[in-house]
2 protein chains.
Amino acid sequence: MKYSDLYKKTLLNDIIPFWENNSLDVENGGYLSCLDQNGKVFDTDKFMWLQGRQAWTFSMLYNEVEKNPKWLEIARSGIDFIRKYGMDEEGNFYFSVTKEGKPLVQPYNIFSDCFAAMAFAQYAKATGDREIRSLAKRTYHNILRKKDNSKGIYEKNTDIRPLKGFALPMILSNLVLELEDVLDKEEVERTIDYSIREVMEVFLQKDSGIIYEFVRPDGSLSDSFNGRLLNPGHGIEAMWFMIDIGARRNDQNLIEKATSTILNILEYSWDREYGGIYYFMDAQGKPLQQLEWDQKLWWVHLESLVALAKAYEHTGNKKIGEWYGKVHDYAWSRFPDPDNGEWFGYLNREGRPLLTLKGGKWKGCFHVPRAMFQCWKSFERIENNGK
Amino acid sequence: MKYSDLYKKTLLNDIIPFWENNSLDVENGGYLSCLDQNGKVFDTDKFMWLQGRQAWTFSMLYNEVEKNPKWLEIARSGIDFIRKYGMDEEGNFYFSVTKEGKPLVQPYNIFSDCFAAMAFAQYAKATGDREIRSLAKRTYHNILRKKDNSKGIYEKNTDIRPLKGFALPMILSNLVLELEDVLDKEEVERTIDYSIREVMEVFLQKDSGIIYEFVRPDGSLSDSFNGRLLNPGHGIEAMWFMIDIGARRNDQNLIEKATSTILNILEYSWDREYGGIYYFMDAQGKPLQQLEWDQKLWWVHLESLVALAKAYEHTGNKKIGEWYGKVHDYAWSRFPDPDNGEWFGYLNREGRPLLTLKGGKWKGCFHVPRAMFQCWKSFERIENNGK
């Protein structure tokens, strides 16, 4: 089977039906994301990250794959739930709520806001809904307003060792393209410039060619637990955001730099004993605080497949092709659950499922379908070009 | 070798020298707890939990083992550091500070206060220092004042699903005995009554005979991630606190109930495939949020050895004897590092070291020496009684 067909068929015949059949909360609206191996709901808490991500996914499918009214209706249910129950009075997004929408965990996490903004923008694109469009814009500006103190009153770190995180500039580089229809042109270009600079010049290290998760405000490195932390999946995911920006701007230099960074990170973080990409590493090889450091996570491997497919599409780099094969073989032989559908999320170092859930607090309807869609389209272009 | 000798020799010839040789910060005072496999300092952040715990350990050794002036001096260095740099203006203890004592992480975690209080009380007992004694008392009362909202402004949970945690009543049941010299007699007895009630009647479940980590304020169970959470090591550790209380009060019923609870928890949480006690479990067998759930931790196994030794000492229960043998064989063949000293902290499910550190953010000079001391003394009494 051609890769494009593999990804397309898996997306449309396995992944999407899994979420359509199992995750819809017909009583309260929104989605139930805590699904066990068989797709059965095992907990009803709603994590706002995952509400936003699933509403985004179904809006995106409607916009990019097929004008399927069922998909739009699924997206609408999530958008309505998020609007009604997702925000506090200042427009900050709760981390989690009960199935009925009562707030459980306060808005300490700005990524809830990021995924809500993405969802609003895709849904507005699908429907032309002006109110949702302006909500997307408002949410985006609230993110920018909060970005230098994103945890607000819940920040437990003092100002003795200020560090800035990679996650936010990385997300912004994708978010700004997602919100392109919603924002002013000048603002889009300015934010793209900012995120390229932060990602490729501040967090990407010139000497090692890998990306750190935290740096000092002036960009220098901090010899501390967070200052030594590497999150290889984050770095690789950010590189396909950079390739998208490079393709949009016809900036082949940016694409080449992102491509070599993908190779650097994979070389650094591949487990040579059991295969797969480590979840966390210490840049000096010191012991980590993260007990889950050696686990193999679904999103890390899916984002790597997307990054490798896009890098191959735009460069034809042979080493990228080889790495694609290696990551493909590892991931496709371990993560999918052919008996029950969808992918396992959490493998132990040896590559066996550590938790059998298909969705939970952090895993929802997002990385799997997005990667399937991105790889499908990328391989379609590669195959059509005969590369 | 007799068990009492094994524990005594390991404590005095391996564990204590390891911390004496590697962890003392002669420049700034206090202790460096981030020690790699060889005992080399790999990070200099100071976690207040571990400052308090190490100061407690050396004060306790001085009080209970030998009036060794070197041990008292090591304790003093930690006590001075904690007094100077450990507290904010209201007497709450920071979570971590730099090696020089500058606050890094705010006082969001009440267990820093608990271990500081324990350290102050043991040190006051060793030295007769009245100021430290009153500091112990003040810290204890501050803990009681905060106990129903222990995270204060850093609490991210709303009041929609109030749950109370097992950790605090469990710690209190040990803390109150530690502070017996410092507190009024009536307060000690009242707190013991309270903690027995909370531990043995509220968190210990009548039907299953196991202990839950969180319950509703009225003691009923909550079908939610935290409401289903089991922390077997916590439950077993609390049972030796109960046995200590039972021995102090000549309450054989309490000792028997604690003994059968140890058996229940071990039966429930023993990994029948690879051996060892799971770190976390879900009471309904559902997927957990804790990615580290199947790991085997040093403290869980050491606290189990203490609990089993004490239960055996006071009941002679044959099943307890069998379980002691099983946990002993598992733990003593995997956790100790004969080449470099001390015990590994974190094994993966299969029982191999997942991190090679001897000390870090959570592991310091506490569970290993305390368990060695407790097992030494317990087996000494068992062996002398010819049981």
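A quick note: this is a predicted structure, and the numbers were derived from the prediction, not measured.

Draft legend 1. Focus on the overall build of chain A. When helices and strands are counted, chain A shows 12 helices and 12 strands. In terms of C-alpha radius of gyration, chain A reaches 20 Å, essentially the compact-globule figure of 21 Å for 387 residues. C-alpha extents for chain A along the principal axes are approximately 55 × 50 × 40 Å. Looking at chain A as a whole, 62% of its 387 residues qualify as buried. In chain A, of all internal contacts separated by at least 6 residues, the share reaching a separation of at least 24 is 66%. Carbon together with sulfur atoms contributes 45% to the accessible area of chain A, which is approximately 14,900 Å² in total. The averaged location of the 56 negative side-chain charges in chain A is 1 Å from the averaged location of its 51 positive side-chain charges.

Draft legend 2. Highlighting the relation of the copies chain B and chain A. Between chain B and chain A, the superposition needs a rotation of 180 degrees and an axial shift of 0.0 Å, giving an RMSD of 0.0 Å. The superposition operator between the copies reduces to a two-fold rotation axis. The position closest to the rotation axis in chain B is occupied by the C-alpha of Y154 of chain B, lying 2.6 Å away. Comparing interface residues between copies, 100% of those in chain B also sit at the interface in chain A, which points to an isologous, same-surface contact.

Draft legend 3. Representation of the sheet that holds strand 4 (residues 96–97) of chain A within the structure. All names here are of chain A. The sheet built from 3 strands is open, its strands ordered 3-4-5 with antiparallel pairing. Only two strands of the sheet have a single partner each, and these edge strands are strand 3 (46–47) and strand 5 (103–105). The pairing of strand 3 with strand 4 spans 2 bridges and is classified as antiparallel. Residue pairing in the sheet places K46 in a bridge with V97 of strand 4.

Draft legend 4. Here's a closer look at the packing of helix 2 (residues 48–64) of chain A against helix 4 (residues 110–127) of chain A. Residues and elements named next belong to chain A. Across the interface, helix 2 lies against helix 4 with an axial gap of 8 Å and an inter-helix angle of 25 degrees. In terms of axis orientation, helix 2 runs roughly parallel to helix 4. Where helix 2 crosses over helix 4, the two elements pack in a sense that is left-handed. From helix 2, M48, W49, G52, R53, A55, W56, S59, M60, Y62, N63 and E64 reach across to helix 4, where they touch F111, S112, F115, A116, M118, A119, Q122, Y123, K125 and A126. Of the residues that constitute the contact of helix 2 with helix 4, the class distribution is 13 nonpolar, 5 polar and 3 charged.

Draft legend 5. Examining helix 5 (residues 130–146) of chain A more closely. Residues and elements named next belong to chain A. For helix 5, spanning 17 residues, the distance from its first C-alpha to its last is 24 Å, which sits close to the expected 24 Å at 1.5 Å a residue. Within helix 5, the full set of buried residues consists of I132, L135, A136, T139, Y140, N142, I143 and K146. All buried residues of helix 5 fall inside an arc of 160 degrees around its axis, so they share one side. Opposite its buried face, helix 5 presents the exposed residues R130, R138 and R145, each directed more than 90 degrees away. Each element contacted by the buried residues of helix 5 is listed here: helix 3 (69–85), helix 4, helix 6 (167–178) and helix 7 (185–203). Sitting at the amino-terminal end of helix 5 is D129, which places a side-chain oxygen 2.9 Å from the backbone nitrogen of E131.

Draft legend 6. Inspection of the sheet that holds strand 11 (residues 346–347) of chain B at higher detail. Residue and element names in this part refer to chain B. If you trace the 3 strands from one edge of the open sheet to the other, you get 10-11-12, paired in antiparallel fashion. Two strands close off the open sheet at either side, each with one partner strand: strand 10 (296–297) and strand 12 (353–355). In this structure, strand 10 lies alongside strand 11, joined through 2 bridges in antiparallel fashion. Considered in strand 11, the bridge of L297 is made with Y346.

Draft legend 7. Quick look at the packing of helix 9 (residues 252–269) of chain B against helix 11 (residues 318–334) of chain B. Residues and elements named next belong to chain B. It is the contact of helix 9 with helix 11, at a shortest axis distance of 11 Å, that shows an interaxial angle of 45 degrees. Judged by the angle between their axes, helix 9 and helix 11 are oblique. For the element pair helix 9 and helix 11, the recorded crossing hand is left-handed. Residues T259, I262, L263, L266 and E267 of helix 9 form the contact with helix 11, whose participating residues are K319, I320, W323 and V327. Tallied by class, the residues present in the contact of helix 9 with helix 11 amount to 6 nonpolar, 1 polar and 2 charged.

Draft legend 8. Spatial organisation of helix 6 of chain A. Residues and elements named next belong to chain A. Here helix 6 spans 16 Å end to end across 12 residues, near enough to the 16 Å set by a 1.5 Å rise per residue. Across the 12 residues that make up helix 6, a large majority, 11, are buried. The set of residues buried in helix 6 consists of A167, L168, P169, M170, I171, L172, S173, N174, L175, V176 and E178.

Draft legend 9. Summary view of the packing of aromatic side chains. Under the criterion given, the structure shown has 60 aromatic pairs over all chains. Ring plane angle 65 degrees and centroid distance 5.4 Å describe the contact between W56 of chain A and F366 of chain A, whose orientation is recorded as edge-to-face. You can see W56 of chain A sitting in helix 2 and its partner F366 of chain A sitting in the loop between strand 12 (353–355) and helix 12 (367–385), a full 310 residues away along the chain. By relative accessible area, F366 of chain A is classed as buried at 2%. Where W332 of chain A meets W343 of chain A, the ring centres are 5.1 Å apart and the plane angle is 80 degrees; that geometry is what we call edge-to-face. On the criterion of sequence distance, the pair formed by W332 of chain A in helix 11 (residues 318–334) and W343 of chain A in the loop between helix 11 and strand 11 (346–347) is long-range, its members being 11 residues apart. In this structure an aromatic cluster arises from ring pairing among F42, F47, W49, W56, F95, Y108, F111, F115, W362 and F366 of chain A together with F225 of chain B.

Draft legend 10. Layout of the nonpolar core. Core analysis: the biggest nonpolar cluster contains 282 residues, and L175 of chain A together with L175 of chain B have the highest contact counts within it. L175 of chain A has contacts with C114, A117, M118, Y140 and I143 of chain A, leaving out every residue within four places of it along the chain.

Draft legend 11. Quick look at the interface of chain B and chain A. At the interface, 43 residues of chain B touch 43 residues of chain A. For the pair chain B and chain A, the two sides together bury roughly 3,800 Å², of which 60% comes from carbon and sulfur. When the buried area of chain B at its contact with chain A is split by residue, F42, K156 and L291 of chain B rank highest and sum to 19% of it. At the surface where chain B touches chain A, the tally comes to 6 salt bridges. As a salt-bridge pair, R228 of chain A and D43 of chain B come within 2.9 Å of each other at their nearest N and O atoms. The tally of links between chain B and chain A comes to 18 residue pairs in polar contact (both at pLDDT 80 or more). Those elements that place two or more of their residues in the side of chain B that touches chain A are strand 2 (41–43), strand 5 (103–105) and strand 12 of chain B. Of all the elements, strand 5 of chain B adds the most residues to the side of chain B that touches chain A, at 3 residues.

Draft legend 12. Region of the structure containing the pattern of salt bridges. Per the counting criterion, the structure on display carries 64 salt bridges over all chains. Between E189 of chain B and R248 of chain B there is a salt bridge, with the nearest N and O atoms lying 3.1 Å from each other. Of this pair, E189 of chain B sits in helix 7 (residues 185–203) while R248 of chain B sits in helix 8 (residues 232–249), and the two are 59 residues apart along the sequence. Taken together, the shared-partner salt bridges connect E180, E189, D193, R248 and R249 of chain A into one network.

Draft legend 13. The arrangement of the side chain of S33 of chain B in detail. Residues and elements named next belong to chain B. By secondary structure assignment, the location of S33 is in the loop between helix 1 (3–22) and strand 1 (34–35). Of note is the side chain of S33, whose polar atom sits 3.0 Å from the backbone oxygen of G360. When residues no more than four places from it in sequence are discounted, the contact partners of S33 are W19, F47, L50, G359, G360 and K363.

Draft legend 14. A look at the environment of K46 of chain A. All names here are of chain A. Relative to the elements of secondary structure, K46 occurs in strand 3. Counting along the chain gives 12 residues from K46 to C34, while the straight-line C-alpha distance between them is 8.4 Å. In this structure the side chain of K46 is engaged in a polar contact, spanning 2.7 Å, whose partner is the side chain of D25. A polar contact is formed between the side chain of K46 and the backbone oxygen of K99, at a distance of 2.8 Å.

Rules used in this analysis
Residues numbered from 1 in each chain as written. Chains lettered and ligands numbered in written order. Predicted model: local features only at pLDDT ≥ 70, side-chain atom pairs only at ≥ 80, totals over all residues. Heavy atoms only, no water. Helix = DSSP H or I, 4+ residues; strand = E, 2+ residues; numbered from the N terminus. Rg over C-alpha atoms; globule rule 2.2 N^0.38 Å. Buried < 20%, exposed > 50% of the residue type's maximum accessible area, 1.4 Å probe, protein only. Contact = heavy atoms within 4.5 Å. Areas by Shrake-Rupley, 256 points an atom, 1.4 Å probe, with all protein chains shown as cover. Lys, Arg positive; Asp, Glu negative; His and termini not counted. Charge placed at Lys NZ, Arg CZ, Asp CG, Glu CD. Least-squares fit on C-alpha atoms with pLDDT ≥ 70 in both. Pairing = 2+ DSSP bridges. Axes fitted to C-alpha atoms, helices over the stretch in contact; angles between N-to-C directions. Parallel < 35°, antiparallel > 145°, perpendicular 65-115°, else oblique. Left-handed = near helix turned anticlockwise from the far one by under 90°. Nonpolar A, V, L, I, M, F, W, Y, C, P; charged D, E, K, R; others polar. Expected span 1.5 Å × (residues − 1). Arc of directions from axis to C-beta. Polar contact = N/O pair within 3.5 Å; in protein donor to acceptor, adjacent residues only side chain to side chain. Phe/Tyr/Trp six-rings, centres within 6.5 Å; stacked < 30°, edge-to-face > 60°. Core = buried A, V, L, I, M, F, W, Y, C linked by side-chain atoms within 4.5 Å. Buried area = accessible area lost by both parts, 1.4 Å probe. Salt bridge = Lys/Arg side-chain N within 4 Å of Asp/Glu carboxyl O.

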